[in-house]
Amino acid sequence: MIISLDKLAEVTKSTIKGDGSLQLTGVASLENAIEGEISFVSNPKYKTLLNTTIASAVILSPSLAEDYAGNALINDDPYLTFAKVVREFHAVEKQSASIHPSAVIADTAEIGKLVTIGANSVIGEGVVLGDNVHIYPNVSIYSDTKIGANSIIHSGAVIGADGFGFAPQKDKSWYKILQVGNVVIGEDVEIGASTTIDRAALGSTIIGNGVKIDNQIQIGHNVKIGDHSIFAAGTLIAGSTTIGKYCQVAGAVAIAGHLTIVDNVIITGKSMVIKSISKAGVYSSGIAADENKKWRRNAIRFSQLDDMAKTIKKLETKLKQFEEK
Amino acid sequence: MIISLDKLAEVTKSTIKGDGSLQLTGVASLENAIEGEISFVSNPKYKTLLNTTIASAVILSPSLAEDYAGNALINDDPYLTFAKVVREFHAVEKQSASIHPSAVIADTAEIGKLVTIGANSVIGEGVVLGDNVHIYPNVSIYSDTKIGANSIIHSGAVIGADGFGFAPQKDKSWYKILQVGNVVIGEDVEIGASTTIDRAALGSTIIGNGVKIDNQIQIGHNVKIGDHSIFAAGTLIAGSTTIGKYCQVAGAVAIAGHLTIVDNVIITGKSMVIKSISKAGVYSSGIAADENKKWRRNAIRFSQLDDMAKTIKKLETKLKQFEEK
Amino acid sequence: MIISLDKLAEVTKSTIKGDGSLQLTGVASLENAIEGEISFVSNPKYKTLLNTTIASAVILSPSLAEDYAGNALINDDPYLTFAKVVREFHAVEKQSASIHPSAVIADTAEIGKLVTIGANSVIGEGVVLGDNVHIYPNVSIYSDTKIGANSIIHSGAVIGADGFGFAPQKDKSWYKILQVGNVVIGEDVEIGASTTIDRAALGSTIIGNGVKIDNQIQIGHNVKIGDHSIFAAGTLIAGSTTIGKYCQVAGAVAIAGHLTIVDNVIITGKSMVIKSISKAGVYSSGIAADENKKWRRNAIRFSQLDDMAKTIKKLETKLKQFEEK
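On a predicted model such as this, the values are computed, not experimentally measured, just so you know. (Residues numbered from 1 in each chain as written. Chains lettered and ligands numbered in written order. Predicted model: local features only at pLDDT ≥ 70, side-chain atom pairs only at ≥ 80, totals over all residues. Heavy atoms only, no water.)

Peer 1: Which residues make up the packing of helix α4 (residues 292-302) of chain B against helix α5 (residues 305-324) of chain C, and what are the values?
Peer 2: One way to put it is that α4(B) packs onto α5(C) with a least axis distance of 7 Å and a crossing angle of 60 degrees. As judged from the angle between their axes, α4(B) and α5(C) are oblique. For the pair formed by α4(B) and α5(C), the contact residues are B:Arg297, B:Asn298, B:Arg301 and B:Phe302 on the first element and C:Leu305, C:Asp306, C:Ala309 and C:Lys310 on the second. For the contact of α4(B) with α5(C), the class distribution of residues is three nonpolar, one polar and four charged. (Axes fitted to C-alpha atoms, helices over the stretch in contact; angles between N-to-C directions. Helix = DSSP H or I, 4+ residues; strand = E, 2+ residues; numbered from the N terminus. Parallel < 35°, antiparallel > 145°, perpendicular 65-115°, else oblique. Contact = heavy atoms within 4.5 Å. Nonpolar A, V, L, I, M, F, W, Y, C, P; charged D, E, K, R; others polar.)

Pasting the structure below:
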């Protein structure tokens, strides 16, 4: 696969600095690129690597390109341009759609055009898969799940298992609430490896269009997620919570049940969200790791925090009395 | 499936307000119910929805029923009643027990009566499955695991993989401790999707009767869990910890190893448990997410907490000296 | 399987106290051992169990052996000795290598000698498995993954799924960055159940030799992990982070992306690591669970911490002014 710099500029709507006829053989990071390859700088903090890279061309913003003497593909959005260049070099490698003979597909499932289903995946009764859906191997799709066109489901994902619903009984045992709803996933959704999305108790658990969900994520029953929201690995969303559009939730976040989070909310890593969020913005919790000895001293103080606050209050009052004398 | 309100009252031991001959077609939430369906209010904070619902009947507590003019099924426990009503409408849909031909079952496994094993599940040597056990697709049960009657295991679950045991060697490499125990699961247990329960190093990892375990949970080797305890998604229990009966552990909790937690302990979401708990009650840790700017200021102060406490102490001493003068 | 105490001493390079001709039938914990079995004390806090055990012999450190009247296998490292004794009794039970007929292996995969592949595991195009690799059932290995000799991969693990990489577009939708790298795993690595290791965007995600990874762990694209580091369950490592050799990371830890952590770092459970660590040592964060009422009072104070610190500062200034008068 050889692509000229001119061709990449045309495809990505970029301008060129240097030799447009340059023949490129692939894309790689600044450190790993060999001669003939194109690389990129999307984060200015890595720009010093431009001094040492032997990449034959680099994707750069206009300002970084000014100071760079080599061949460059110049675009206001170098990261998106890089993503498109990767696709130019690699998209042709995509295998044509196919359903592996070891996949188990219920008779009543409806499978769209050009769907790929990997080995040993299991597609339940009444499942609907839109056109061009790609299911990797060892995926489990429970009955009545609907997945929109162009969506991708990675290995180990389980879509539509029972939500976690039990009513306590007088003898303190738990009575299972049959989970008779389903999961409805929009178009262009990606769901990571070992992620689980539970079916609704009643009605539907809903994942909007263009939502991107990383690995090891748990989405409880009756959760609703707006279009184009994105979730990093290990995040948990408890039942019946509604999340808006264009939200960005980092990894290891836990979001309690029955909350409402509006559009355009960003939640940083390992946060604990236990109240609804009614205003767009960035939200955080969590304490960064520190040297163990220092942490021990501070963590013990946390358990005395209310006492500390009361002591401060008393000191303030006393000092005021002194001042008044 | 049409069921009269009279019939539902009989099955759930409830009383009726309104028309007992009403023919009901299904159960749905207050917002989604259409005419002909029955709904419920289990949490009084949702009672305002009673003004707008078009459900033909509602399951209510006696006090809520007083103010409601429509048809009602009245019970002291509306949530449990709802659970039973769902089962009236849907339990008949349960498919009869069957073992999918693609499941792989070791010759030495003992399979009870009316057991269901889903496609591509793998049942190891010496496994014992009690009567009416339901194993969903793509489950992995390692050798010698025992699962009691009526238990349910969801897709992606892995029961009986090796516990995480390694002895450090002088060259700082790790020597694997063969995990030669097993997992023993009681009756009426439910285990969620992608949950992992490790086999004991020696002896057994034990899950009591009626225990309910959500998705993405990790239970380490030699853990023992008492009857009817319940665990929400993403919780981790490290090796050799013993948890009592009737405990309720919320999601994203991490419980350290070699601890003992008594009966009737409730642990709230995202808590970190690093000491044994010897008294029933509610336990918590974690800080709720806040606006990022505010959080940053407070989180920095956390790392100064011990210094703050010492300064307060000094100020107290000084003020005392002033007072004494 | 019967082994004499003399034989165990020879194999584990230990000395004997008592009757070396003793015939032992197995290994068990101090509480569960029956007559004829050997047990061990690796943690002195369990030494009181020596008074009640009916084990016929015990593996002990020299100092503990002094006070013990029964038969003992004495070694400076009782835990490693125990691990070796377990292997004496149980290693013979290991089944010979075999590839289950239901495993799906791409034509272009290279499988080493004495490799075991469990039922319904799926091995992608261009995968290379070294000699004596053991893949348990229902594992998914994506294309081009390389796994070194003697490594063990447990059920539900997914190796080589796409890293989580998306470029934002002007319409706020996400453009998928094709993940065209792979995963390279060293020799003697163990990977737990339902653990996920993502393929690199470009280049390789690298797991060093002798690394031990527990269950439910997520390792992002382009992460690099040094030899003999060990990770407990539920830990998440975000993309492009580099971790040194001989590190020990406890469970439920979240490590942010693009960090560098040097060799010999220990991170305690549930920590949040958001800065690089340049010095070997022990690092921690997190607050231990407390009684809910006490926690509520302290957690509210956390949100006032910056204000508290400022008040303390003011009080200090005022007191100084008093003193100067």
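The discussion continues.
Peer 1: Now, about the relation of the copies chain B and chain C: what can you tell me, with residues and values included?
Peer 2: For the pair chain B and chain C, the relating rotation is 120 degrees, the translation along its axis is 0.0 Å, and the fit reaches an RMSD of 0.1 Å. Read as a symmetry element, the transformation amounts to a three-fold axis. (Least-squares fit on C-alpha atoms with pLDDT ≥ 70 in both.)

Peer 1: If you had to explain the side chain of C:Ser194 to someone new, which residues and values would you point to?
Peer 2: One can find C:Ser194 in the loop between β21 (190-191) and β22 (196-198). Residue class for C:Ser194 comes out buried when judged on its relative accessible area of 1%. Every residue in contact with C:Ser194, bar those within four places of it in the chain, is listed here: A:Ser194, A:Gln216, B:Gly156, B:Val158, B:Ser194, B:Thr196, C:Ser155, C:Gly156, C:Ala157, C:Gln216 and C:Ile217. (Buried < 20%, exposed > 50% of the residue type's maximum accessible area, 1.4 Å probe, protein only.)

Peer 1: Please provide a residue-by-residue account of the interface of chain B and chain C, values included.
Peer 2: On the chain C side, the residues contacting the 70 residues of chain B number 73 residues. A combined buried area of about 5,900 Å² lies between chain B and chain C, and 67% of that area is made up of carbon and sulfur atoms. On the surface where chain B and chain C come into contact, there are five salt bridges. The closest approach of N and O atoms between C:Glu323 and B:Lys318, which form a salt bridge, is 3.6 Å. (Buried area = accessible area lost by both parts, 1.4 Å probe. Salt bridge = Lys/Arg side-chain N within 4 Å of Asp/Glu carboxyl O.)

Peer 1: Before we move on, could you go through the confidence of the model for chain A and cite the residues and values that matter?
Peer 2: A residue-level look at chain A finds 99% of positions with pLDDT of 70 or above and a mean pLDDT of 96. Two numbers describe this predicted complex: its pTM, 0.97, and its ipTM, 0.96. (pLDDT = per-residue confidence, 0-100.)

Peer 1: How would you summarise the interface of chain A and chain C if you had to cite specific residues and measurements?
Peer 2: Contact with chain A, which involves 73 residues of that partner, is made by 70 residues of chain C. Overall, the association of chain A and chain C removes approximately 5,900 Å² of surface from exposure, summing both partners, and the carbon and sulfur fraction of that is 67%. Applying the counting rule to chain A against chain C returns five salt bridges. For A:Asp306, the salt bridge is made with C:Arg301, and the minimal N-O distance between the two is 2.7 Å. There are 27 residue pairs in polar contact (both at pLDDT 80 or more) connecting chain A and chain C. Of all the secondary-structure elements, those providing two or more residues to the side of chain A that touches chain C are α3 (78-90), β24 (212-213), β27 (230-231), β36 (290-291), α4 (292-302) and α5 (305-324) of chain A. For the side of chain A that touches chain C, the class distribution of residues is 36 nonpolar, 24 polar and 13 charged. The pairing of β36(A) with strand β35 (residues 281-284) of chain C spans two bridges and is classified as antiparallel. Directly across from A:Glu291, in β35(C), lies its bridge partner C:Tyr283. (Polar contact = N/O pair within 3.5 Å; in protein donor to acceptor, adjacent residues only side chain to side chain. Pairing = 2+ DSSP bridges.)

Peer 1: Would you mind going over the environment of C:Thr48 in detail, with residue names and values included?
Peer 2: Residues and elements named next belong to chain C. Take Thr 48: it is sitting in the loop between β5 (37-40) and β6 (57-60). You can call Thr 48 exposed: its relative accessible area is 54%. Put simply, Thr 48 and Ala 201 are 153 residues apart on the chain and 54 Å apart in space, counted from C-alpha to C-alpha.

Peer 1: Break down the packing of aromatic side chains for me, with residues and values.
Peer 2: The full count for this structure, using the stated rule, is 15 aromatic pairs over all chains. For the ring pair B:Phe40 and B:Phe82, a centre distance of 3.8 Å and an interplane angle of 10 degrees mean the geometry is stacked. Of this pair, B:Phe40 sits in strand β5 (residues 37-40) while B:Phe82 is found in helix α3 (residues 78-90), placing the two residues 42 residues apart along the sequence. A relative accessible area of 3% means that B:Phe82 is categorised as buried. With a centroid separation of 5.1 Å and 75 degrees between ring planes, the pair formed by C:Phe164 and C:Phe166 is classed as edge-to-face. Connected via pairs of aromatic rings, a cluster forms that spans A:Phe40, A:Tyr79 and A:Phe82. Sitting above the plane of the C:Tyr175 ring, A:Arg87 keeps its charged end 4.6 Å from the centroid. (Phe/Tyr/Trp six-rings, centres within 6.5 Å; stacked < 30°, edge-to-face > 60°. Lys NZ or Arg CZ within 6 Å of the ring centre and 35° of its normal.)

Peer 1: An account of the sheet that holds strand β29 (residues 242-243) of chain A is needed here, citing residue identities and associated values.
Peer 2: All names here are of chain A. Spatial strand order, β9-β12-β15-β20-β23-β26-β29-β32: eight strands in an open sheet with parallel pairing. Of all the strands in the sheet, just β9 (110-111) and β32 (260-261) have a single pairing partner and so form its edges. Inspection of the sheet shows strand β15 (residues 146-147) paired to strand β20 (residues 182-185) by two bridges, in the parallel sense. Of the residues in β20, the one forming a bridge with Lys 146 is Val 184.

Peer 1: Report on helix α1 (residues 5-12) of chain A, specifying residues and quantitative values.
Peer 2: For α1(A), every residue scored as buried is listed here: A:Leu5, A:Leu8, A:Ala9 and A:Thr12. Down the axis of α1(A), the smallest arc covering the buried residues is 100 degrees, so these residues share one side. (Arc of directions from axis to C-beta.)

Peer 1: Can you lay out the pairing of strand β23 (residues 204-207) of chain A for me, pointing to particular residues and giving the numbers?
Peer 2: Residues and elements named next belong to chain A. Going residue by residue along β23, you find Thr 205 and Ile 207 tucked away on one face and Ser 204 and Ile 206 left uncovered on the opposite face. Bridge count for β20 against β23 is four bridges, and the pairing is parallel. Residue pairing across strands places Ile 185 opposite Ile 207, the latter belonging to β23.

Peer 1: Lay out unusual backbone geometry in plain terms, naming residues and giving numbers.
Peer 2: Even without being a glycine, C:Tyr246 presents a positive backbone phi close to 60 degrees. Examined against the element boundaries, C:Tyr246 turns out to sit in the loop between β29 (242-243) and β30 (248-249).

Peer 1: Give a description of the sheet that holds strand β13 (residues 134-135) of chain A that names residues and reports values.
Peer 2: Strands in a sheet are paired, the pairing made by backbone hydrogen bonds, and the direction either parallel or antiparallel. Read across the open sheet, the 10 strands follow the order β10(A)-β13(A)-β16(A)-β21(A)-β24(A)-β27(A)-β30(A)-β33(A)-β35(A)-β36(B); overall the sheet is mixed. Taken across any chain shown, the strands that pair with only one partner, and hence form the sheet edges, are β10 (116-117) of chain A together with β36 (290-291) of chain B. Across two bridges, strand β21 (residues 190-191) of chain A lies against β24(A) in parallel orientation. Paired with A:Glu190 across the strands is A:Lys212, a residue of β24(A).

Peer 1: If you had to explain the packing of helix α1 (residues 5-12) of chain C against helix α3 (residues 78-90) of chain C to someone new, which residues and values would you point to?
Peer 2: All names here are of chain C. The contact between α1 and α3 brings their axes to 10 Å, and the two run at 120 degrees. Taken together, the axes of α1 and α3 are oblique relative to one another. At the point where α1 passes α3, the crossing takes the right-handed sense. Contacts between α1 and α3 involve Leu 8, Val 11 and Thr 12 from the former and Thr 81, Lys 84, Val 85, Glu 88 and Phe 89 from the latter. Of the residues in the contact of α1 with α3, the class split is four nonpolar, two polar and two charged. (Left-handed = near helix turned anticlockwise from the far one by under 90°.)

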